[in-house]
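# Secondary and tertiary structure notes
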Amino acid sequence: MSVAIAIDNVVKRYGDNTVIDGVNLAIQPGEFFTLLGPSGCGKTTLLRMIIGFNSIDGGEIRIDDQVINDTPTNERNMGMVFQNYAIFPHMSVRDNVAFGLKMRKMPAEQIRAAVDEILRVVRIDHLADRMPADLSGGQQQRVALARAIVIEPAVLLMDEPLSNLDAKLRVEMRNAIKNIQHRIGITTVYVTHDQEEALAVSDRIAVMNNGVIQQVASPIEIYRRPANTFVASFIGLSNPLPARAKRLADGRVEVAFTDDYSEVFANLTEEVTDGMDLTVMARPEELTLFEEGPGIAVQIESHVFLGLVTHYFVRLPDGSQAEIIQDRSREDIFPDGTELFARVDAKKANVFRADTQTTLVRRD
């Protein structure tokens, strides 16, 4: 049966340095939950606090209704897959996977049946008698995954499990991990710094920075409606555009990018006031190039043709660079040096306060 994980106001300090600063999370039973953030943001520290490798300096971690702050690691009934696999080089695949069950004194016949079953689940049953040195990186990762879940843990923890694999194998393994996790239904906490990986595998994502949770949401919401400019810039690519607000009588907001170009946004909160300084974050596909105004004046510095789309790298009026993606609806390609106008998609672009960098988009 899947369990819930509650992380309530959890703190971790190393001397005077606070690396986890009052984190609160509620992870649902059977959920594939990802901690995402840049290196050093505290995500691995939090994962190690859940399994018991790191002590907790404040707050509580609960599995269902049981506080586990002081529960020894070996009594938490959790499985963990490490970045470097940590499989035993002197043991066969079968013996590696059976190790945890042997430590639990399970009868030999039951061990063999459980190992055979999990090897089939992760699709390496044909490799049962091989040694780790004879396996590819992806096969070794499947061994590590099988060893972690054969003990039927309440929680599966994964720390950057795909970072040592090449790009093609990462895609293959992330799909395999997601399918296996959904089949088994085990509550999973997954750590990565790879935004695409997080979007691909997660039910929900917690974006972290400097030991603080910036946003918790589904992959779609994280990408489409980031809570602040950090999330907007960390998840995918967003072009920051300075602007100013003018509230209209009908409740909509006119967002002025230049003296002669503005867009009307119908989805902004009442927090927006006349004259408020804004930062509009527009993803490359949320900007469109035109040969005539109105629009933000840009000059093409370079471009990359990729068949279905063309990526343009343009210079903005303030000297900064932006990226714009145009699809095949336009047959010709603008040459480098062309001066054009970029317009913003007001239905998709995100708007933030310039001072606090927090979203002004209404949560309907």
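Here the structure is shown first, and the text comes after it.
Residues numbered from 1 in each chain as written. Predicted model: local features only at pLDDT ≥ 70, side-chain atom pairs only at ≥ 80, totals over all residues. Heavy atoms only, no water.

Next up on the list: the overall build of the chain. What the chain contains, in helices and strands, is eight helices and 20 strands. Along the first, second and third principal axes, the C-alpha set of the chain runs to 80 × 45 × 35 Å. Scored against the burial criterion, the 364 residues of the chain give a buried share of 49%. In the chain, the proportion of contacts linking residues at least 24 apart, taken out of those at least 6 apart, comes to 67%. As displayed, the chain offers around 17500 Å² of accessible surface, 48% of which is attributable to carbon and sulfur atoms. Here the chain holds 38 positive side-chain charges and 51 negative ones, and the gap between their average locations is 6 Å. (Helix = DSSP H or I, 4+ residues; strand = E, 2+ residues; numbered from the N terminus. Buried < 20%, exposed > 50% of the residue type's maximum accessible area, 1.4 Å probe, protein only. Contact = heavy atoms within 4.5 Å. Areas by Shrake-Rupley, 256 points an atom, 1.4 Å probe, with all protein chains shown as cover. Lys, Arg positive; Asp, Glu negative; His and termini not counted. Charge placed at Lys NZ, Arg CZ, Asp CG, Glu CD.)

Turning to the layout of surface pockets, a few remarks are in order. Put simply, the largest pocket is a space of about 520 Å³. In terms of lining residues, the largest pocket is bounded by 20 residues, among which Met-78, Gly-79, Met-80, Gly-100 and Ile-151 are the most central. Elements that contribute at least two residues to the lining of the largest pocket include exactly strand 6 (78–81), helix 2 (93–103) and helix 4 (137–149). Of the residues that constitute the lining of the largest pocket, the class distribution is 12 nonpolar, five polar and three charged. In this structure, the second largest pocket occupies an estimated 390 Å³ of space. (1 Å grid on protein atoms, 1.4 Å probe; cavity = no way out; pocket = protein on both sides within 12 Å on 5 of 7 lines; lining within 4 Å. Points joined across faces, edges and corners; volume = space filled by probe spheres on them. Nonpolar A, V, L, I, M, F, W, Y, C, P; charged D, E, K, R; others polar.)

This part covers the packing of helix 2 against helix 3 (residues 108–121). Relative orientation and spacing of two packed helices are given, respectively, by the angle between their axes and the distance between those axes. Across the interface, helix 2 lies against helix 3 with an axial gap of 10 Å and an inter-helix angle of 125°. In terms of orientation, helix 2 and helix 3 fall into the oblique class. Handedness of the helix 2/helix 3 crossing: right-handed. Here Val-93, Arg-94, Val-97, Ala-98, Leu-101 and Lys-102 of helix 2 come into contact with helix 3, specifically with Ile-111, Arg-112, Ala-114, Val-115, Asp-116, Ile-118 and Leu-119. Residues that form the contact of helix 2 with helix 3 fall into these classes: nine nonpolar, no polar and four charged. (Axes fitted to C-alpha atoms, helices over the stretch in contact; angles between N-to-C directions. Parallel < 35°, antiparallel > 145°, perpendicular 65-115°, else oblique. Left-handed = near helix turned anticlockwise from the far one by under 90°.)

Attention shifts here to the sheet that holds strand 4 (residues 58–63). Working definition: the strands of a sheet are paired by backbone hydrogen bonds and lie parallel or antiparallel to each other. Strand order in the open sheet formed by four strands is 2-1-4-5, with antiparallel pairing between adjacent strands. The two strands at the open ends of the sheet, each matched to only one other strand, are strand 2 (17–27) and strand 5 (66–67). When strand 1 (residues 5–14) meets strand 2, the two strands line up antiparallel, connected through eight bridges. For Ala-6, the partnering residue across the bridge sits in strand 2 and is Ala-26. Across the sheet, helix 1 (residues 43–51) touches strand 1, strand 2 and strand 4, and the angle it forms with strand 1 is around 115°. (Pairing = 2+ DSSP bridges.)

Mapped onto the fold, Thr-279 is located in strand 14 (residues 277–282). For Thr-279, a relative accessible area of 13% gives the class buried. If sequence neighbours within four positions are ignored, Thr-279 has contacts with Pro-240, Leu-241, Asn-350, Val-351, Phe-352, Ala-354 and Gln-357.

Turning next to the packing of helix 2 against helix 4. Running from N to C, helix 2 and helix 4 point in directions that differ by 30°, and their axes come no closer than 7 Å. Comparing their axes, helix 4 and helix 2 come out roughly parallel. As helix 2 packs across helix 4, the resulting crossing turns out to be right-handed. Residues Val-93, Asn-96 and Val-97 of helix 2 pack against Val-143, Ala-146 and Arg-147 of helix 4. Its residues assigned to classes, the contact of helix 2 with helix 4 comprises four nonpolar, one polar and one charged.

To continue, consider the pairing of strand 12 (residues 253–258). Pairing geometry for strand 11 (residues 239–247) and strand 12, over four bridges, is antiparallel. Bridging across to strand 12, Lys-246 finds its partner in Glu-254. In this antiparallel pair of consecutive strands, strand 11 and strand 12, the connection spans five residues, and Gly-251 shows a positive phi of 95°. Taken together, the five bridges between strand 12 and strand 13 (residues 261–265) define a ladder with antiparallel strand orientation. Within the sheet, the bridge partner assigned to Thr-258 lies in strand 13 and is Tyr-261. Counting the residues in the hairpin turn of strand 12 and strand 13 gives two residues.

Another aspect to go through is helix 1. With seven of nine residues buried, helix 1 is to be regarded as a mostly interior element. Listed as buried for helix 1 are Lys-43, Thr-45, Leu-46, Leu-47, Met-49, Ile-50 and Ile-51. Gly-52 lies just past helix 1 and shows a positive phi near 105°.

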